[in-house]
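# Fold and geometry: a report
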Amino acid sequence: MTYVQALILAIVEGLTEFIPVSSTANILLAEKFLQVTNRELFASFTIFIQLGAMLAVLFLFFKQLWQNKQIWGKLIIALIPTGVIGFTVYPMVKEYLQDASSLTGWILIVGGIFFTWLDWLWRKNKNLKQDLDDHNDQTQDEYLNVVKKEPWWKMFLIGTGQAVATVPGVSRSAATIFSARALGFPQLAAAQFSFVLALPTIAAASGFDLLKEFLSRNVQVACSCAVEPCVCPTFYSVFNNSNDLLLMLFGAAIAFIVALFTCKFFIKVLGKKPFFWWGVYRLITGIIWLIVF
């Protein structure tokens with residue numbers, strides 16, 4: 001992987017991780033177009049750029065979360081179904097759906113149709129339409145006020161919705177935002193809450209993968225030798241190659257910067273927009289996916 005490829009992939013990650021378009025699908029499409037051939041290096045790279053994007057959200061929301069520890073309990077409630085369902089279902093999804101490329105494309109398309117339908121439905125609802133019109137009157141910590149007053153069971157249902165994103169192409173951000181909106185969250189608060197809920201989710205998933213990467217750095221591949229001495233190769237690990245590690249850190253830094261500006265832009269501008277255009281984007285992405293894969 002070159003630094004140019006790493007730059008583009010990191011930008012795509014930073015742009016798409018926290019908006020409802022499925023960052024995984026966009027990253028895989030970018031990988032395909034960039035013709036990245038080293039799959040092991042790419043898999044490790046995605047872990048680092050996800051962590052970089054996550055740190056951007058932590059940077060934006062850390063002060064608010066630290067000063068409002070009373071909402072931590074509700075955040076934990078929301079994470080319970082995500083953790084249980086995610087760790088239970090993810091191995092099966094990875095085994096049976098990882099190579100189901102056409103399925104991911106159809107999920108993107110169906111999601112796009114659902115977005116446009118839901119946008120039309122929300123526009124008919126006066127309260128939800130007024131929520132969009134009142135966007136400028138909402139504060140940048142709107143989600144705090146909502147989470148504090150909403151009951152625990154709603155947090156659990158939102159976490160259950162987020163867990164659906166285990167299926168490739170669903171989009172964790174979309175699942176969280178739609179679940180929150182369906183339960184009465186204002187659109188801006190739903191978007192902000194999806195950012196916050198992503199922090200422990202991405203940290204746990206990426207941290208677990210990173211730990212496996214670190215522990216595998218000295219694990220040897222089973223092999224047989226015709227001559228002695230026999231030297232068996234080890235599993236690939238970025239921690240065994242300083243050049244690859246520098247590439248990962250470069251990607252993480254770029255993803256951090258891009259995600260930082262994307263989240264700010266999403267909150268200030270895109271958070272008030274209806275979901276119609278996200279649906280159109282997903283439709284186009286799904287069609288491209290089916291053609292490419």
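Quick note: structure is the one above.
Residues numbered from 1 in each chain as written. Predicted model: local features only at pLDDT ≥ 70, side-chain atom pairs only at ≥ 80, totals over all residues. Heavy atoms only, no water.

### Comments concerning the overall build of the chain
Cut-off, in case you're wondering: The way it works is that DSSP assigns letters per residue, a run of H or I at least four long becomes a helix, a run of E at least two long becomes a strand, and they are numbered from the N terminus. Burial classes follow relative accessibility: with a 1.4 Å probe on protein chains only, a residue under 20% of its type's maximum area counts as buried, one over 50% as exposed, and anything between as partly exposed. All accessible-area figures derive from a Shrake-Rupley calculation using a 1.4 Å probe, and residue coverage is judged against the displayed protein chains alone.
Along the chain, the regular secondary structure elements total twelve helices and zero strands. Starting at the N terminus and walking to the C terminus, you meet the elements of the chain as α-α-α-α-α-α-α-α-α-α-α-α. The buried share of the chain, reckoned over its 293 residues, is 47%. Accessible surface, the chain as shown: approximately 14800 Å² in total, 68% of it carbon and sulfur.

### Quick word on unusual backbone geometry
Phi is positive for Ser 22, which is not a glycine, with a value near 70 degrees. Within the secondary structure, Ser 22 sits in the loop between helix H1 (3-16) and helix H2 (23-34). Residue classification places Ser 22 among the buried positions, given a relative accessible area of 4%. Of note, the phi angle at Gln 35 is positive, near 60 degrees, even though the residue is not glycine. By the element assignment, Gln 35 lies in the loop between H2 and helix H3 (39-67). We classify Gln 35 as exposed; its relative accessible area is 64%.

### Comments concerning H1
For clarity, the cut-off: A helix's residues, less one, multiplied by 1.5 Å, set its expected span. Contacts were defined at the residue level, with two residues in contact if any of their heavy atoms lie within 4.5 Å.
End to end, H1 covers 20 Å across 14 residues, agreeing with the expected 20 Å (1.5 Å per residue, within 8%). For H1, the full list of buried residues reads Gln 5, Ala 6, Leu 9, Ala 10, Val 12, Glu 13, Gly 14 and Thr 16. Turning to H1, the residues buried within the fold contact H2, H3 and helix H11 (242-268).

### Remarks on helix H12 (residues 276-292)
In an α-helix there are 3.6 residues to a turn, and that puts residues three or four apart on one side. Rule in force here: Throughout, the arc means that of the directions going from the helix axis to the C-beta atoms.
The terminal C-alpha atoms of H12 lie 24 Å apart, and with 17 residues this matches the ideal 24 Å at 1.5 Å per residue to within 8%. Along H12, the residues that are buried comprise Trp 278, Gly 279, Arg 282, Thr 285, Gly 286 and Trp 289. Taken down its axis, H12 places every buried residue within 125 degrees of arc, on the same side. With respect to the buried face of H12, the exposed residues turned more than 90 degrees away are Trp 277 and Ile 291.

### Observations regarding the packing of aromatic side chains
Short version of the rule: Pairing of aromatic rings covers Phe, Tyr and Trp, the last through its six-membered ring, and needs centres within 6.5 Å; plane angles under 30 degrees mean stacked, over 60 mean edge-to-face, and all others mean tilted.
This model, assessed by the stated rule, comprises eleven aromatic pairs. When the ring of Phe 185 is compared with that of Phe 193, the centres are 5.7 Å apart and the planes differ by 40 degrees; the resulting orientation is tilted. The exposure classification of Phe 185 matches that of Phe 193, with both residues buried. On the numbers, 6.1 Å between centres and 35 degrees between planes, the contact of Phe 266 with Trp 278 is tilted.

### Describing the nonpolar core
Let me state the cut-off plainly: Only buried residues count toward a nonpolar core, which is a set of Ala, Val, Leu, Ile, Met, Phe, Trp, Tyr and Cys residues joined through side-chain atoms within 4.5 Å.
One finds Phe 18, Tyr 143, Phe 185 and Phe 193 to be the most contacted residues of the largest nonpolar core, which totals 47 residues. Going through the elements one at a time, H3, helix H4 (72-96), helix H5 (101-124), helix H7 (142-149), helix H8 (152-163), helix H9 (172-182), helix H10 (187-215) and H11 are the ones with two or more residues in this core. In terms of residue count, the dominant contributor to this core is H10 (eleven residues). Leaving out residues up to four positions away in the same chain, Phe 185 has contacts with Val 146, Val 147, Glu 150, Met 155, Ile 158, Ala 180, Ala 190 and Phe 193. In terms of nonpolar packing, the next biggest core, distinct from the first, is built from 18 residues, Ala 6, Leu 9, Ala 252 and Val 258 among them.

### Considerations on a nonpolar patch on the surface
What counts here: Like charges are joined within 9 Å and nonpolar side chains (Val, Leu, Ile, Met, Phe, Trp, Tyr) within 5 Å, but only among residues with over 30% relative accessible area and no salt bridge; these make up the patches. When a carboxyl oxygen of Asp or Glu is within 4 Å of a side-chain nitrogen of Lys or Arg, the pair counts as a salt bridge.
Together, Ile 76, Ile 80, Val 84, Ile 85, Trp 153, Phe 156 and Leu 157 make up an exposed nonpolar region whose accessible area comes to about 640 Å². Elements with a contribution of two residues or more to the nonpolar patch: H4 and H8. Top contributing element to the nonpolar patch by residue count: H4, with four residues. Within the secondary structure layout, Ile 76 lies in helix H4.

### Some remarks on the environment of Phe 261
Among the secondary structure elements, Phe 261 is positioned in helix H11. Phe 261 gets classed as exposed once you look at its relative accessible area, which sits at 57%. Taking the C-alpha atoms as reference, Phe 261 lies 8.7 Å from Leu 15; in sequence the two are 246 residues apart.

### Regarding the packing of H9 against H10
Rules: Fitted lines through C-alpha atoms give the axes, limited to the stretch in contact for helices. The angle between two N-to-C directions lies from 0 to 180 degrees. What sets the label is the angle itself: under 35 degrees gives roughly parallel, over 145 gives roughly antiparallel, 65 to 115 gives roughly perpendicular, and the rest give oblique. For a crossing to be left-handed, the near helix must be turned anticlockwise from the far one by less than a right angle; the clockwise case is right-handed. Under the convention adopted here, Pro, Cys and the residues Ala, Val, Leu, Ile, Met, Phe, Trp and Tyr are nonpolar, Asp, Glu, Lys and Arg are charged, and Gly plus all remaining residues are polar.
Packing of H9 against H10 leaves a shortest axis separation of 8 Å and a crossing angle of 130 degrees. Compared by their axis directions, H9 and H10 come out oblique. H10 is crossed by H9, and the crossing has right-handed handedness. Only Gln 187, Ala 190, Ala 191, Ser 194, Leu 197, Ala 198 and Thr 201 of H10 make contact with H9, whose side of the interface consists of Arg 172, Ser 173, Thr 176, Ile 177, Ala 180 and Arg 181. Tallied by class, the residues present in the contact of H9 with H10 amount to six nonpolar, five polar and two charged.

These figures come from the coordinates and say nothing about function on their own.
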